[in-house]
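Overview (structure and organization)
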Amino acid sequence: MAEHLGDRVARLRRLADLTQEGLAERSGVSVDVVRKLEQRRKHSARLPTLHALSRGLGVELTALLGDPPGVPSNGEADPPQLVAVRRAIMPPLFAPPPEPNGAERLSLALLRREIADGWTLYHDAEFGRLMDALPGIITDARLAAAVGTADERAAGQAALGKALQLGGHLAIRLGKTDLALSALERAMNAASDSSDPLLAPMISNSVAWNYQRQNRLDDAEHLAVYAADGVEKDHGSTAEGLRVWGGLIMSAATSAARSGDYDTANDMMTTAENATRRLATLPPPADGKMVSVFSRSSVRIERVRLAVQHARPEEALSLAKGMRLSADTPPSWRTWLLLDVARAHTDLGNAEGAVKALTRLREIAPGWMRHHTLAVAIVSDLWAGPSRPAGLRQLAEFLGVAA
């Protein structure tokens, strides 16, 4: 089972040579919260609290977060899969340029399909399979960016930018934020030489997410707002532009919320949700998998998440009630929604509602759930609670919570 959040806090606090009182003072989090976490009387903490603790400890947020791990995070050497991904993202200096071999070169249409399939693996949390496929995807894209006519090379650079952006997202999920930033910087360079004017702002959104993981919340918010302003000015009349703009506004709202400014975040999210109505009046994107995720469903899912993180469970459940998810909502977003609904029910003392949401989560994403420390924390809270509704024991045994 994954390391308990309280154990991580205690270990990092000792490394920083801080007492519990010292950590509370440096982070602005009450010493009671620190003590309950370290004593395992509290199994989880909200994201604003985690950001504050990570600032007090002088570590990145990734040191405390519990995303589903794709590789071991126990200090051991990187597995060969990740070594291959790292090499693909950062090839050797002075390496010879790719050889144009017509037999091996993919058509642009096939290359884009290959990249779209990679993004599908990512959204399905199939990180192991994605690590196997990604080096080849990046290699194919590098070749496409290096050969052909000027227009073909520009289209190849667009494909390379999306492939490297995918590498950046994978690295963030694996807790490798420096590798992620390297991938995204290379993606931005490809975007500047590409045929896609929206690629740079989409990559900016990814960089903002990486900044969030590094606890650089102000940098993340400012970058997202700056990029959104540019997209609104130059591309706000197209569905592609609106989706990229909306994704950036959601990112800025998330940064504001994690900084503790829920009102500003909620205003941004409301503005974004209102803007989704315009999508129905515009021609759809030619390839939705290659553009930012933005729909009424995605905005509402993010609003539920922010409400849960700011101890507003009634508001979260009200936002989630009757939600009809659009067909293009990625599976990873659906799993997050179920996890947040379970958390809201738990906060309200409704163990039955929480178990129902968690059981559904187990049905659709068992691997993701098994490795996610927030899911483990919620089940641990329920298992330690006054009532154990039907289905809870199966969940507790599945996650290793029940003795």
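In the block above lies the structure referred to throughout.
Attention here is on the structure that accompanies the text.

Criteria and thresholds
- Residues numbered from 1 in each chain as written.
- Predicted model: local features only at pLDDT ≥ 70, side-chain atom pairs only at ≥ 80, totals over all residues.
- Heavy atoms only, no water.
- Helix = DSSP H or I, 4+ residues; strand = E, 2+ residues; numbered from the N terminus.
- Buried < 20%, exposed > 50% of the residue type's maximum accessible area, 1.4 Å probe, protein only.
- Contact = heavy atoms within 4.5 Å.
- Phe/Tyr/Trp six-rings, centres within 6.5 Å; stacked < 30°, edge-to-face > 60°.
- Lys NZ or Arg CZ within 6 Å of the ring centre and 35° of its normal.

The next point concerns the environment of Ala191. Tracing the backbone through its elements, the reader meets Ala191 in helix H9 (residues 177-192). Judged by its relative accessible area of 7%, Ala191 falls in the buried class. Once residues lying within four places of it in the same chain are set aside, the contact partners of Ala191 are Leu199, Ala200 and Ile203.

The next point concerns the packing of aromatic side chains. To describe a pair of aromatic rings, you give the distance between the ring centres and the angle between the ring planes. Evaluation of the coordinates by the stated rule reveals two aromatic pairs. The interplanar angle of 80° and the centroid separation of 5.8 Å between the aromatic rings of Trp119 and Tyr122 together place this pair among those described as edge-to-face. Of this pair, Trp119 and Tyr122 both sit in helix H6 (residues 108-123), three residues apart, which is roughly one turn of that helix. Side by side, Trp119 and Tyr122 carry an identical accessibility label, which is buried. Seen from their ring centres, Tyr122 and Phe127 are 6.0 Å apart, and the 50° between their planes marks the pair as tilted. Owing to a relative accessible area of 6%, Phe127 belongs among the buried residues under this scheme. Ring-pair connections join several aromatic residues into one group, and the members of that group are Trp119, Tyr122 and Phe127. Geometry around Tyr211 places Arg216 over its ring, the cationic atom sitting 4.0 Å from the centre.

Once that is clear, we can look at unusual backbone geometry. Positioned with a positive phi, Arg40 is a non-glycine residue whose angle comes to about 60°. Looking at the element boundaries, Arg40 is found in the loop between helix H3 (31-38) and helix H4 (47-57). Looking at Arg40, the relative accessible area reads 44%, which means it is partly exposed. With a phi close to 55°, Ala311 is a non-glycine residue in the positive phi region. Checked against the element boundaries, Ala311 lands in the loop between helix H14 (296-309) and helix H15 (313-320).

Read these as geometric descriptors, not functional statements.
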